[in-house]
Amino acid sequence: IISYEEVLRVYFRFAFFKMRLFPAKPRKQKKKKSKKKKTQKTPVPTEKKSDEYKRDDGVVSKLWAMREILLHTINKFLGKLHFKLIKLNIVVAGDNAASTALLYGATTQGVAYLIEILDTISNVDISKRSEISVRSDFILQKSSFEGKIVLYISVVHIIYVGLHFLKKLIKSKIKMEE
């Protein structure tokens, strides 16, 4: 669950379990005991072999292959991820009434087009119970935004993406060994 009300909050919820991800809970810091400093011996410089400075092309190719696998897996994961828009409240304000009215009209049209585009090309669920409002306020000086979006994915899809990642990883290891 992602919500924004003055502060961005991100929660993870599974069944009845709810855990706050961002902002993290402040942790109590333990007091460290002061230790006596030991005198450090200066290490004797040794000559380094020239082999250590050579670049290993095998490592670079492995990193490149891992990057490709991760990008493919992330794309699969994002394809299975669903968004549910619960609340979107925008209050448009400005210095004078004319600029506020122009900004309100542009914001209203922008939100309408954005909702239609998201509804047709992605996995965004905008139900009739979703609270979407754009209001103008000629008294305030600052505009405000408040929203709540829920991200969800099926456990089966998580397993599918994980197995797909392992399959790609094994294929790349076999290809590297050849």
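Predicted model, so just to flag it, every value in this text is computed and none were measured.

## A closer look at the overall build of the chain
Item 1. Scanning the chain for helices and strands turns up 3 helices and 7 strands.
Item 2. If you list the helices and strands of the chain from N to C, you get β-β-β-α-β-α-β-β-β-α.
Item 3. Within the chain, the proportion of its 178 residues that are buried is 15%.
Item 4. The long-range fraction of contacts in the chain, counting pairs at least 24 apart against all pairs at least 6 apart in sequence, stands at 75%.
Item 5. Of the roughly 15700 Å² that the chain leaves accessible, carbon and sulfur atoms contribute 61%.

## Structural notes on the nonpolar core
Item 1. One finds L85, L88, I90, V92, V111, I115 and V134 forming the largest nonpolar core, which totals 7 residues.
Item 2. Of all elements in the fold, only β4 (82–92) and α2 (97–121) reach the threshold of two or more residues within this core.
Item 3. At 4 residues, the largest contribution of residues to this core is made by β4.
Item 4. Setting aside residues no more than four positions away along its own chain, I90 makes contact with T107, V111, S133, V134, R135, S144 and F145.

## Details of α2
Item 1. Spanning 25 residues, α2 covers 36 Å between terminal C-alpha atoms, matching the ideal 36 Å at 1.5 Å per step.
Item 2. Listed as buried for α2 are T100, T107, V111 and I115.
Item 3. On the buried face of α2, the contacting elements are β4 and β6 (131–136).

## Some thoughts on the pattern of salt bridges
Item 1. Per the counting criterion, the structure on display carries 2 salt bridges.
Item 2. R67 is the salt-bridge partner of E68, the closest N and O atoms lying 2.8 Å from each other.
Item 3. A salt bridge links K87 to E146, with the nearest nitrogen and oxygen atoms 3.1 Å apart. Of this pair, K87 sits in strand β4 while E146 sits in strand β7 (residues 144–152), placing them 59 residues apart in sequence.
Item 4. Taking the relative accessible area as the measure of exposure, K87 reaches 16% and is therefore buried.

## Points about the packing of aromatic side chains
Item 1. Taken as a whole and assessed by the stated rule, the structure comprises 0 aromatic pairs.
Item 2. The ring centre of W64 lies 4.6 Å from the NZ or CZ of R67, which sits over that ring.

## Some points on the side chain of T73
Item 1. Structurally, T73 is set in helix α1 (residues 57–80).
Item 2. Within the local environment of T73, its side chain forms a polar contact with the backbone oxygen of I69, the two atoms lying 2.8 Å apart.
Item 3. Setting aside anything within four residues of it in sequence, one finds T73 in contact with V161 and F165.

## Description of the side chain of H164
Item 1. Examined against the element boundaries, H164 turns out to sit in helix α3 (residues 155–177).
Item 2. The contacts of H164, once residues within four sequence positions are left out, are H72 and K76.

What counts, and where the lines are drawn
- Residues numbered from 1 in each chain as written.
- Predicted model: local features only at pLDDT ≥ 70, side-chain atom pairs only at ≥ 80, totals over all residues.
- Heavy atoms only, no water.
- Helix = DSSP H or I, 4+ residues; strand = E, 2+ residues; numbered from the N terminus.
- Buried < 20%, exposed > 50% of the residue type's maximum accessible area, 1.4 Å probe, protein only.
- Contact = heavy atoms within 4.5 Å.
- Areas by Shrake-Rupley, 256 points an atom, 1.4 Å probe, with all protein chains shown as cover.
- Core = buried A, V, L, I, M, F, W, Y, C linked by side-chain atoms within 4.5 Å.
- Expected span 1.5 Å × (residues − 1).
- Salt bridge = Lys/Arg side-chain N within 4 Å of Asp/Glu carboxyl O.
- Phe/Tyr/Trp six-rings, centres within 6.5 Å; stacked < 30°, edge-to-face > 60°.
- Lys NZ or Arg CZ within 6 Å of the ring centre and 35° of its normal.
- Polar contact = N/O pair within 3.5 Å; in protein donor to acceptor, adjacent residues only side chain to side chain.

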